[in-house]
Amino acid sequence: MSDPTSTRLTHLAEDGTAAMVDVGDKADTTRVAEAKAHVRMKPETLALIMAGDMKKGDVIGAARIAGIMAAKQTANLIPLCHPLALTKVSVEITPDEALPGLQVRTLARLTGKTGVEMEALTAASVACLTIYDMGKAVDRGMEIGGIRVIAKSGGKSGDWTVEAEGDR
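Enquirer: Looking at this model, I keep getting lost on the packing of helix α2 (residues 59-72) against helix α4 (residues 117-135). Mind explaining?
Expert: Put simply, α2 and α4 touch, their axes get as near as 7 Å, and they point 145 degrees apart. Read as a crossing pair, α2 and α4 show a hand that is right-handed. Judged by residue contacts, Val59, Ala62, Ala63, Ala66, Gly67, Ala70 and Ala71 of α2 engage Glu119, Thr122, Ala123, Val126, Ala127, Thr130, Ile131 and Met134 from α4. Class assignment of the residues belonging to the contact of α2 with α4 gives a composition of eleven nonpolar, three polar and one charged.

Enquirer: So what exactly am I meant to see when it comes to the pattern of salt bridges here?
Expert: Pairing is possible between side chains of opposite charge, provided their charged atoms come close. As enumerated under the stated definition, the model contains five salt bridges in all. With its nearest N and O atoms 2.8 Å apart, the salt bridge here joins Glu34 to Arg105. Linking Glu34 in strand β1 (residues 29-40) with Arg105 in strand β3 (residues 101-112), this pair joins segments that are 71 residues apart in sequence. One salt-bridge network, in which partners are shared between bridges, spans Lys56, Asp133 and Lys136.

Enquirer: Honestly, the pairing of β1 in this entry has me stumped. Any pointers?
Expert: Consecutive side chains along a regular strand alternate between the two faces of the sheet. With twelve bridges connecting them, β1 and β3 associate as antiparallel partners. In the strand pairing of β3, His38 is matched with Gln103. The pairing of β1 with strand β4 (residues 143-153) spans eight bridges and is classified as antiparallel. Looking across to β4, one finds that Ala33 is bridged to Lys152.

Enquirer: Quick question: what am I supposed to make of α4 here?
Expert: Helical periodicity: at 3.6 residues per turn, an α-helix aligns residues three or four positions apart in one direction. Helix length check: α4 (19 residues) gives 27 Å between terminal C-alpha atoms against 27 Å at 1.5 Å per residue, within 8%. Burial in α4 covers these residues: Glu119, Ala120, Leu121, Thr122, Ala123, Ala124, Ala127, Cys128, Thr130, Ile131, Met134 and Gly135. The inward-facing, buried residues of α4 abut β1, α2, α3 (74-77), β2 (88-96), β3 and β4.

What counts and what doesn't
Residues numbered from 1 in each chain as written. Predicted model: local features only at pLDDT ≥ 70, side-chain atom pairs only at ≥ 80, totals over all residues. Heavy atoms only, no water. Axes fitted to C-alpha atoms, helices over the stretch in contact; angles between N-to-C directions. Helix = DSSP H or I, 4+ residues; strand = E, 2+ residues; numbered from the N terminus. Left-handed = near helix turned anticlockwise from the far one by under 90°. Contact = heavy atoms within 4.5 Å. Nonpolar A, V, L, I, M, F, W, Y, C, P; charged D, E, K, R; others polar. Salt bridge = Lys/Arg side-chain N within 4 Å of Asp/Glu carboxyl O. Pairing = 2+ DSSP bridges. Expected span 1.5 Å × (residues − 1). Buried < 20%, exposed > 50% of the residue type's maximum accessible area, 1.4 Å probe, protein only.

Following this line, the structure appears as structure tokens:
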């Protein structure tokens, strides 16, 4: 088992090659991770999305479903991730006129031997990519950013929040 305070990268074998972490001896615990991201866009683009006037359809609904589906495929996308039996994935997308754009917040949960940070990050990333895809016809300059884990709980290393580390 890896030491949560270690500075050694857990996905490297002794010889320096990439390796999947063996989680077989870890205890099953409830594990939760939350991530967030945003898509910055022109105010006019945000208005079109919020009015439901995009030619491709319901941007927020499609992005929410895409994020959930992506979380379930994380092990197929990230080479050293374990396939996980997720018990919950949620994707919340809210307008932010100050950005201007959309804020994306995701949550992934399971009871198992390894964390779900990558699933939460994948959900946030793909939700943002879907927003970009559906809006690019009217705003190719949209910017995806701020993708990060903001909280995790469960497992040997315990709870962590970005607030405890200082908002970056």
